[in-house]
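# Descriptive structure summary
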Amino acid sequence: MRRADRLFDIVEYMRRHRRVVTADELAGKMEVSVRTIYRDIADLQASRVPIEGEAGIGYLLRPGYDLPPLMFTEDEAEALALGARIVASWADDELAESARAVLAKLRAVLPPPLQKQMDAFGVMAPPDHYRAEIVVDLAAIRKAVRRRAKIRFGYVNAKGEQSERTVWPLSLAFYGHVWIVPAWCEKREAFRVFRADRMRDLNIREEDVLTERDVILEERAQRTDSDPGALFMEQR
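Residues numbered from 1 in each chain as written. Predicted model: local features only at pLDDT ≥ 70, side-chain atom pairs only at ≥ 80, totals over all residues. Heavy atoms only, no water.

## So, the packing of aromatic side chains
- Counted by the stated rule, this structure contains five aromatic pairs.
- For the pair Phe153 and Tyr155, a centre-to-centre distance of 6.2 Å together with 70° between the ring planes defines the contact as edge-to-face.
- The buried category is assigned to Phe153, whose relative accessible area is 1%.
- Judged by relative accessible area, which is 2%, Tyr155 ranks as buried.
- Of the aromatic side chains, those joined through ring pairs into one cluster are Trp90, Phe174 and Trp179. (Phe/Tyr/Trp six-rings, centres within 6.5 Å; stacked < 30°, edge-to-face > 60°. Buried < 20%, exposed > 50% of the residue type's maximum accessible area, 1.4 Å probe, protein only.)

## Re the nonpolar core
- Membership of the largest hydrophobic core comes to 20 residues, with the highest contact counts inside it found for Leu138, Ile141, Phe153, Val167, Trp179, Phe194 and Met199.
- Looking at this core, the elements with two or more residues in it are helix 7 (138–146), strand 3 (149–156) and strand 6 (178–185).
- By size, the runner-up hydrophobic cluster in this structure holds 17 residues, among which are Leu7, Ile10, Tyr13 and Leu44. (Core = buried A, V, L, I, M, F, W, Y, C linked by side-chain atoms within 4.5 Å. Helix = DSSP H or I, 4+ residues; strand = E, 2+ residues; numbered from the N terminus.)

## What about unusual backbone geometry?
- Phi angles above zero are rare outside glycine, and Arg48 is one such case at about 70°.
- Inspection of the secondary structure assignment puts Arg48 in the loop between helix 3 (34–46) and strand 1 (51–54).
- Classification of Arg48 as exposed rests on a relative accessible area of 77%.
- The phi torsion at Arg148 lies on the positive side, around 60°, for a residue other than glycine.
- Note on placement: Arg148 falls in the loop between helix 7 and strand 3.
- A residue is classified by how much of its surface remains accessible, and Arg148, at 28% relative accessible area, is partly exposed.

This is the structure:
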């Protein structure tokens, strides 16, 4: 985490809790040392953020301190709220928690009228009642995509046929009520799309995918530019 992001998170954490917060508590939340928190608090105080307290006792953010408001229209506030709520309802636990944190951060810096708009129930995302059960770790797949790592897993296709696949994951996509993994399949030597609910025994390989991954995705996107949805509808 960048230091600027951590300083923002410290202020936001203290805004939400409105009580004395110890350096130990902040250190645990930010995953840094207590000494780092002491330095961060001192720098915030030097920047005229109204934090009271001292080391060994705790810190309190004085009421009335506001971060600069973000300028959004009512429609934009609803769009942000709906998008984050969809992620919170349908994504893996780790991403869902991040979505809730985004909502909290946005709400904290919006002016009061838009805070009410974000809190309104005009746009909602119901829980994922209809999602097929997924036994693999979606967060692990996301991280494999991010670090360009190959993945290996067992797969059961629509006919019930089982196979082992090693693939180059290009993305993790939400398609209707289904999470899918578009990937280059080494077994088929071709582009394939795999449903996450049909995957088993996921293993992240030590082998990294080189820049060919991006070339394959770009070529595939160009072939389907007339119908972007076709990118995710290839034979499994």
